[in-house]
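# Observations on the model geometry
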Amino acid sequence: MRLTGREVGITFSAGSLTGTVTGRVECVLPERLEERRPARHALWDLPDLALVRVLAPVSHACVWLTDRSRPRFDEVAYFGCTEDLGIPEITGRTTRLRGTAGNGAAIRLGDDDEIEPGMSGGPVVDLARGEVVGVLKARRQTGGGGLAVSVVQLRTLPMAARGQVGLYRRIMQAHDLYHYDQHLSDLDNRRTWTDVHGELPPEEGDPYAGRGRLTPGERTTLCGLLAELPPPGSSEVVRALVEAARGEEPDPLPPAPLSWRDGLGLLHDPPGGTGEAAAMLRYATDVSVADYREPVTPGADEELWDWVRATAERLWRPLRRELGERHERGLAERERRRRASAGRAVHGTARRAGGLPSGASVLLEVWAHGWEDVYDWRVSVLAGPAHAGRVTPVDSGVRATLAGLPEALRVPLAEGFRRCDTHEAAALLEVAVAPELFGLAVDAWVVVGGVPLGVQRPVVLRHQAGATGAAGAAGAAGAAGAAGAAGTTATTGPNPGGAREHPADREGTDAAARWARVQAGPLQDERADCAGGRPRSPATEWLTGLPDNTVPVHCRAADQEPTLGSLHAVRDAGYGVVVTRRPPPEPGASCAPFHRGLREELADAGRAEVLPLRFQTLRGRAYGADPDAYWAAGAGLVWEDPARPLPEEEPLQGDL
């Protein structure tokens, strides 16, 4: 079954003009829809939307799409093509929204009337606000009502490989500029969508009617002015400006805001009695002095500020003064940032060449059930060093099988990446698990875009917060004895015949100092769980005595001794950068090529701060079957950045 690229006929009626034009299916949502045809009588996977590009221009009116992240549960109308009188015609019904489904992807329609065959794909319109909030999807098998897909799911349209420029931004920019141009035009007297909005009566009991809300014309103008600006650098930038305008953190539920317009949708009904218009004008003021990922069209930001100042004239005098001061502070702060970031990217991703951005990252936590092969998980957004410790939840689940984890995490991870990716770089994925799960092949999962995660973005391992290495260190000592009893060699000192001199006075080296030293380089690798190709358990005293620029290397299965004990021991010794590896396909294969290749890689890197991105490149080479990178398959990087503390939260508790 092929959907994307398929040509279809679109029959339309626009006033006295009717006809059929050709369209091409640009993409389908979800992207894997072509691979998963539903069973008989089963629903297609949400969001079940197709984007069709009309190949011939047609003059037609355009509806107004909601900017709200979630619909209002109020009266709506829905429309579709029916044959009640024996001929096809557009008919409508009215009902109320009753809730959401599919984590907000779908909207439940009340049973006030029936959705008939042929109505699928029709719009669902909020009658109080005059905006399209959904697309009809399905009717109930018995009785009236059914489901619609929220138009907010358009935010899940495919984006570019790097950053957030994609179909969604282009569509919404065209949408807002269309309505803006129609609103400003005086070439004819046809009513525009904005004119119809202006004819709607105020909502009964609305405390913000009048001065408290922007008029339909003002909203259309504001959206058009925002569409003239370069897009925000990331979802987190939008959320930060919304929080500053609202006075509290906005709703964290997906999908993430990707455009300046989406930020407006988070400012409806602000808390504390603050007028909606005031919150939107504060937000627009901040956007007018924001850093943009590309040069702004000359005068576009000044035009936005001029409009804010003129619109505020009809509001309260204290607000006008507040907005003026806000604008002056913003200009001064923007100039300060530009001077401080001269010669590098200006959009919150300050870094040295080859290093990681300093912004938000996606945090994946996984816990294993002790006696069952099932796992609990949680996906969050971990703020950068500027807001150390701040965590925004995305989604969580319990009792997923190992084989089912990639599928269970597909949508939550995609949402996390939408929130954290910037135009300059793909966000870091931090995998916080117990050392026994360091072999979890998260970097090899294909959950977004058909390419392994570790090739798309940097992926690092973290020790789960609250876990200590004491038990692991004790286990290492026991494992050493067990290894000896099993006939293997367990060494408790430096490498046999080691030519390097290790200072003996380095016990208690501060982890932060060791982290700073290894970031600066040069790097020195040290085999931690093998000596001469045979397993060993390193002594804690020996580990603490190694130079601060050492990177301990593990070449064996993380869930087996002595490697498990060694991973705890190197953490206790204050090592924040450690290399691990999943077992190779041939267990008996020599680990020498791995150590040799890694030594060359570390020497070429020079300093640790570039390793996450270099490992991403290595995974890409191994994925592309580069014969010089075969040894890197399964390599992982433990990255305990002290500037990015993990949340001190208890793990999820699944069903007992």
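Residues numbered from 1 in each chain as written. Predicted model: local features only at pLDDT ≥ 70, side-chain atom pairs only at ≥ 80, totals over all residues. Heavy atoms only, no water.

### Remarks on the overall build of the chain
- Along its length, the chain carries 16 helices and 20 strands.
- Sequence-distant contacts, at least 24 apart, represent 70% of the contacts inside the chain between residues at least 6 apart.
- Only carbon and sulfur atoms are counted for the fraction: they give 52% of the accessible area of the chain, which is about 30100 Å². (Helix = DSSP H or I, 4+ residues; strand = E, 2+ residues; numbered from the N terminus. Contact = heavy atoms within 4.5 Å. Areas by Shrake-Rupley, 256 points an atom, 1.4 Å probe, with all protein chains shown as cover.)

### Details of the nonpolar core
- In terms of nonpolar packing, the biggest core is built from 40 residues, with Leu364, Val366, Leu405, Leu413, Leu429 and Trp445 touching the most fellow members.
- Elements represented by at least two residues in this core include exactly β10 (361-368), β11 (374-382), β12 (391-401), α9 (405-420), β13 (429-433), β14 (459-463), α13 (540-544) and α14 (563-572).
- Excluding anything up to four places from it in sequence, Leu405 contacts Val366, Tyr375, Trp377, Ala400, Leu440 and Trp445.
- Counting residues in hydrophobic clusters, the runner-up holds 35 residues, among them Leu266, Tyr292, Leu304 and Leu315. (Core = buried A, V, L, I, M, F, W, Y, C linked by side-chain atoms within 4.5 Å. Buried < 20%, exposed > 50% of the residue type's maximum accessible area, 1.4 Å probe, protein only.)

### Things to note about the environment of Ala608
- On the secondary structure map, Ala608 appears in the loop between α15 (592-605) and α16 (611-623).
- Separated by 91 residues in sequence, Ala608 and Arg517 place their C-alpha atoms 9.0 Å apart.
- Setting aside anything within four residues of it in sequence, one finds Ala608 in contact with Val518, Gln519, Leu523, Val577 and Trp639.

### Thoughts on the sheet that holds strand β4 (residues 75-82)
- Taken in spatial order, the six strands close into a barrel running β4-β5-β6-β9-β8-β7, and their pairing is antiparallel. For this sheet, the mean inter-axis angle between neighbouring strands, taken without regard to orientation, is 45 degrees.
- In this sheet, strand β9 (residues 146-150) lies alongside strand β8 (residues 131-139) in antiparallel orientation, the contact comprising five bridges. From the neighbouring strand, Arg139 faces β9, where its bridge partner is Gly146. (Pairing = 2+ DSSP bridges. Axes fitted to C-alpha atoms, helices over the stretch in contact; angles between N-to-C directions.)

### Re unusual backbone geometry
- In this chain, Leu46 is followed by Pro47 through a cis amide linkage whose omega measures 5 degrees.
- Structurally, Pro47 can be placed in the loop between β2 (17-29) and β3 (49-54).
- You will see that Asp48, though not glycine, has its phi angle at about 55 degrees, which is positive.
- With respect to the helices and strands, Asp48 occurs in the loop between β2 and β3.

### A short note on empty space enclosed by the protein
- Under the counting rule described, the total for this entry stands at six cavities of 30 Å³ or more.
- What the largest cavity holds in volume is close to 130 Å³.
- In terms of lining residues, the largest cavity is bounded by 14 residues, among which Leu226, Ala227, Ser259, Trp260 and Arg261 are the most central.
- Where the lining of the largest cavity is concerned, the elements lending two or more residues are α1 (167-184), α3 (216-227) and α5 (260-265). (1 Å grid on protein atoms, 1.4 Å probe; cavity = no way out; pocket = protein on both sides within 12 Å on 5 of 7 lines; lining within 4 Å. Points joined across faces, edges and corners; volume = space filled by probe spheres on them.)

### Quick notes on the packing of aromatic side chains
- Taken as a whole and assessed by the stated rule, the structure comprises three aromatic pairs.
- Aromatic pair Trp515 and Trp639: ring centres 4.9 Å apart, planes at 70 degrees, arrangement edge-to-face. Within this pair, whereas Trp515 is found in helix α12 (residues 511-520), its partner Trp639 is found in strand β20 (residues 635-639), the two being separated by 124 residues in sequence.
- In this structure, Arg457 is placed above the aromatic ring of Phe417, and the distance from its NZ or CZ to the ring centre is 3.6 Å.
- Stacked on the ring of Phe594, the Lys or Arg Arg581 has its end atom at 4.5 Å from the ring centre. (Phe/Tyr/Trp six-rings, centres within 6.5 Å; stacked < 30°, edge-to-face > 60°. Lys NZ or Arg CZ within 6 Å of the ring centre and 35° of its normal.)

### What about α9?
- Across its 16 residues, α9 extends 21 Å between first and last C-alpha, which sits within 8% of the 22 Å expected from 1.5 Å per residue.
- Along its length, α9 shows its largest kink, about 40 degrees, at Val411, and proline Pro412 lies within four residues downstream of that point.
- The buried count for α9 comes to twelve of 16 residues, which makes it a mostly enclosed element.
- Buried positions along α9 lie against α4 (235-246), β10, β11, β12, β13 and α10 (453-456). (Expected span 1.5 Å × (residues − 1). Bend = angle between axes of the 7 residues up to and from the residue.)

### Considering the packing of helix α6 (residues 276-288) against helix α7 (residues 300-311)
- At their nearest, the axes of α6 and α7 sit 9 Å apart, and the two run at 155 degrees to each other. Considering their axes alone, α6 and α7 lie roughly antiparallel with respect to each other. Relative to α7, the crossing made by α6 is left-handed. Across the interface between the two elements, Leu281, Ala284, Thr285, Val287 and Ser288 of α6 pack against Asp301, Leu304, Trp305, Trp307, Val308 and Thr311 of α7.
- The residue makeup of the contact of α6 with α7, split by class, is seven nonpolar, three polar and one charged. (Parallel < 35°, antiparallel > 145°, perpendicular 65-115°, else oblique. Left-handed = near helix turned anticlockwise from the far one by under 90°. Nonpolar A, V, L, I, M, F, W, Y, C, P; charged D, E, K, R; others polar.)

### Regarding the side chain of Asp291
- Mapped onto the secondary structure, Asp291 falls in the loop between α6 and α7.
- At a separation of 2.6 Å, a polar atom in the side chain of Asp291 contacts the side chain of Arg337. (Polar contact = N/O pair within 3.5 Å; in protein donor to acceptor, adjacent residues only side chain to side chain.)

### Observations concerning α4
- Between its first and last C-alpha, α4 extends 16 Å over twelve residues, near the 16 Å set by a 1.5 Å rise per residue.
- Check the buried side of α4 and you find it contacts α5, α6, α8 (317-340), β12 and α9.
- At the C-terminal side of α4, Gly247 shows a positive phi close to 90 degrees.

### Let's talk about the pattern of salt bridges
- Under the defined criterion, the tally for this structure stands at 50 salt bridges.
- Where Glu26 meets Arg24, a salt bridge forms, and the shortest distance between an N and an O atom there is 3.9 Å.
- Relative accessible area serves as the criterion here: at 29%, Arg24 is assigned to the partly exposed category.
- A single network of salt bridges, built from pairs that share partners, joins Asp67, Arg68, Arg129, Glu131, Arg213, Arg219, Asp269 and Glu276. (Salt bridge = Lys/Arg side-chain N within 4 Å of Asp/Glu carboxyl O.)

### Remarks on the packing of α4 against α6
- Close contact between α4 and α6 brings their axes to 8 Å; oriented N to C, the two are set at 135 degrees. Relative to α6, the element α4 lies oblique. The handedness of the crossing between α4 and α6 comes out as right-handed. For the pair α4 and α6, the contacting residues are Val238, Leu241, Val242, Ala244 and Ala245 in the first and Ala279, Arg282, Tyr283, Asp286 and Val287 in the second.
- Residue composition of the contact of α4 with α6, grouped by class: eight nonpolar, no polar and two charged.

### Things to note about the pairing of strand β18 (residues 550-553)
- Neither face of β18 is left uncovered, since the one carrying Thr550 and Pro552 and the one carrying Val551 and Val553 both have all their residues buried.
- One ladder, built from four bridges, connects strand β15 (residues 524-527) with β18; its direction is parallel. Paired with Glu526 across the bridge in β18 is Pro552.

### Considerations on the environment of Ala284
- Inspection of the secondary structure assignment puts Ala284 in helix α6.
- A relative accessible area of 1% means that Ala284 is categorised as buried.
- Linking Ala284 and Leu225, residues 59 residues apart in sequence, is a C-alpha distance of 9.5 Å.
- The residues touching Ala284, leaving out its near neighbours within four places in the chain, are Leu222, Leu304 and Val308.

### Focus on the confidence of the model for the chain
- Confidence along the chain averages 83 in pLDDT terms, with 86% of residues attaining 70 or more.
- Of all the helices and strands in the chain, helix α11 (residues 470-485) carries the lowest mean pLDDT, 33, while β13 carries the highest, 97.
- Overall, residues 468-509 carries pLDDT values under 50, and its contacts beyond four positions in sequence, including any with other chains, amount to 65 contacts. (pLDDT = per-residue confidence, 0-100.)

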